[in-house]
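# Inside the fold
The primary structure of each chain is shown beneath.
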Amino acid sequence: TCWKQENFLNIFDLYFEELLCNKSFYWHRRSYFYKVFSFDGHKEIDSRKEQWIIHYIREKFDNENLIGLFGILQDMKREIRKKAILCFLECNSNFELFSRLSLVSNSWTGTTSLTDKITFYEELLSEISGVQFLKHKKRIRDEIAKWKAIRNREEVDEILMKLYQ
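Note that the structure is predicted; figures quoted are calculated from it, not measured.

### Focus: helix α8 (residues 134–163)
Helical geometry: 3.6 residues make up each α-helical turn, so side chains three or four residues apart lie on a common side. Helix length check: α8 (30 residues) gives 44 Å between terminal C-alpha atoms against 44 Å at 1.5 Å per residue, within 8%. Within α8, burial applies to H136, K137, R139, I140, E143, I144, W147, I150 and R151. For α8, the secondary structure elements touched by its buried residues are α5 (78–91), α6 (95–98) and α7 (110–126).

Structure, rendered in structure tokens:
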């Protein structure tokens, strides 16, 4: 596969840019990207995927294409998402772009997945420091509050469903 090539960074830079720009792939590109960049347990290839993600963020830290990349990453493992977010913040403290990045998926299945989102944000928050990140931290705190409110509503709904079944 292309992941095994010596120049895999360049290959996937071109691939990612081409799919982002190609209008005919617009509706399918997220599923294409997800298939190509999802981690499947092959250590060497997964390591190269992670290398490419970090490389791309470092190279394009002020580019709007990062919104597309984070749209894919939002459904991936928390470790890679956290590394990607922290890498972005290391390269770019611009709140406007950060506020447009998808940090977690907007979908959920039950209170457990909501708790996972909250825990992810809390862990992320603990790793961000510095005056330049005050707005970023506020966004994360607001996300925590939002997901906690949703989780509370879900818990109430679950209790009511059990009572009236």
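### Observations regarding the state of the cysteines
Per the counting criterion, the structure on display carries zero disulfides. No disulfide involves C87; its sulfur sits 4.4 Å from the nearest other cysteine sulfur, which is in C91.

### Observations regarding helix α4 (residues 65–73)
Along α4, seven of the nine residues are buried, which leaves the element largely enclosed by surrounding structure. Along α4, the residues classified as buried are N65, L66, L69, F70, G71, I72 and L73.

### What to know about a nonpolar patch on the surface
On the surface, V156, I159, L160, L163 and Y164 cluster together into a nonpolar patch covering about 560 Å² of accessible area. Topologically, Y164 is positioned in the segment after α8. Using a relative accessible area of 68% as the deciding quantity, one classes Y164 as exposed.

### Focus: the packing of α5 against α7
Where α5 contacts α7, the axes come no closer than 11 Å and their chain directions differ by 35°. Judged by the twist between their axes, the crossing of α5 over α7 is right-handed. Contacts between α5 and α7 involve R78, R81, K82, I85 and L86 on the former and, on the latter, D116, T119, F120, E123 and L124. The class makeup of the residues in the contact of α5 with α7 is four nonpolar, one polar and five charged.

### Quick notes on the environment of G41
Looking at the element boundaries, G41 is found in the loop between α2 (29–37) and α3 (43–59). Taking the relative accessible area as the measure of exposure, G41 reaches 55% and is therefore exposed. For the pair G41 and E6, spaced 35 residues apart in the sequence, the C-alpha separation amounts to 20 Å.

### Structural notes on the packing of aromatic side chains
Within this structure, the stated rule accounts for 15 aromatic pairs. Look at F12 and Y15: their rings are 6.0 Å apart centre to centre, the planes differ by 80°, and that puts the pair in the edge-to-face class. Separated by three residues within a single helix, F12 and Y15 lie in helix α1 (residues 8–21), roughly one turn from each other. A residue is classified by how much of its surface remains accessible, and F12, at 5% relative accessible area, is buried. Arranged with centres 6.4 Å apart and planes meeting at 15°, the rings of F88 and F98 form a pair that is stacked. One end of the pair, F88, is in helix α5; the other, F98, is in helix α6, with 10 residues separating them in the sequence. Joined through ring pairs, the aromatic side chains of W3, F8, F12, Y15, F16, F37, W52 and Y56 make up one cluster.

### Remarks on the pattern of salt bridges
Under the counting rule described, the total for this entry stands at 10 salt bridges. Two residues, K82 and E123, come together in a salt bridge whose shortest N-O distance is 3.3 Å. Of this pair, K82 sits in helix α5 while E123 sits in helix α7; the two residues are 41 residues apart in sequence, bridging distant segments of the chain. The class of E123 is partly exposed, set by a relative accessible area of 28%. Ionic pairing is found between K138 and D142, a salt bridge with its closest N-O pair at 2.8 Å. Taken together, the residues span about one helical turn, with K138 and D142 both in helix α8 at a distance of four residues. With a relative accessible area of 48%, K138 lands in the partly exposed category. Judged by relative accessible area, D142 falls into the partly exposed class, the value being 41%. In the salt-bridge network here, residues are joined through shared partners; they are R78, K82, E123 and E127.

Rules used throughout
Residues numbered from 1 in each chain as written. Predicted model: local features only at pLDDT ≥ 70, side-chain atom pairs only at ≥ 80, totals over all residues. Heavy atoms only, no water. Helix = DSSP H or I, 4+ residues; strand = E, 2+ residues; numbered from the N terminus. Expected span 1.5 Å × (residues − 1). Buried < 20%, exposed > 50% of the residue type's maximum accessible area, 1.4 Å probe, protein only. Contact = heavy atoms within 4.5 Å. Disulfide = S-S within 2.5 Å. Patch = residues over 30% accessible without salt bridge, like charges linked within 9 Å, V, L, I, M, F, W, Y side chains within 5 Å. Areas by Shrake-Rupley, 256 points an atom, 1.4 Å probe, with all protein chains shown as cover. Salt bridge = Lys/Arg side-chain N within 4 Å of Asp/Glu carboxyl O. Axes fitted to C-alpha atoms, helices over the stretch in contact; angles between N-to-C directions. Left-handed = near helix turned anticlockwise from the far one by under 90°. Nonpolar A, V, L, I, M, F, W, Y, C, P; charged D, E, K, R; others polar. Phe/Tyr/Trp six-rings, centres within 6.5 Å; stacked < 30°, edge-to-face > 60°.

Purely geometric stuff here, so don't read any function into it on its own.
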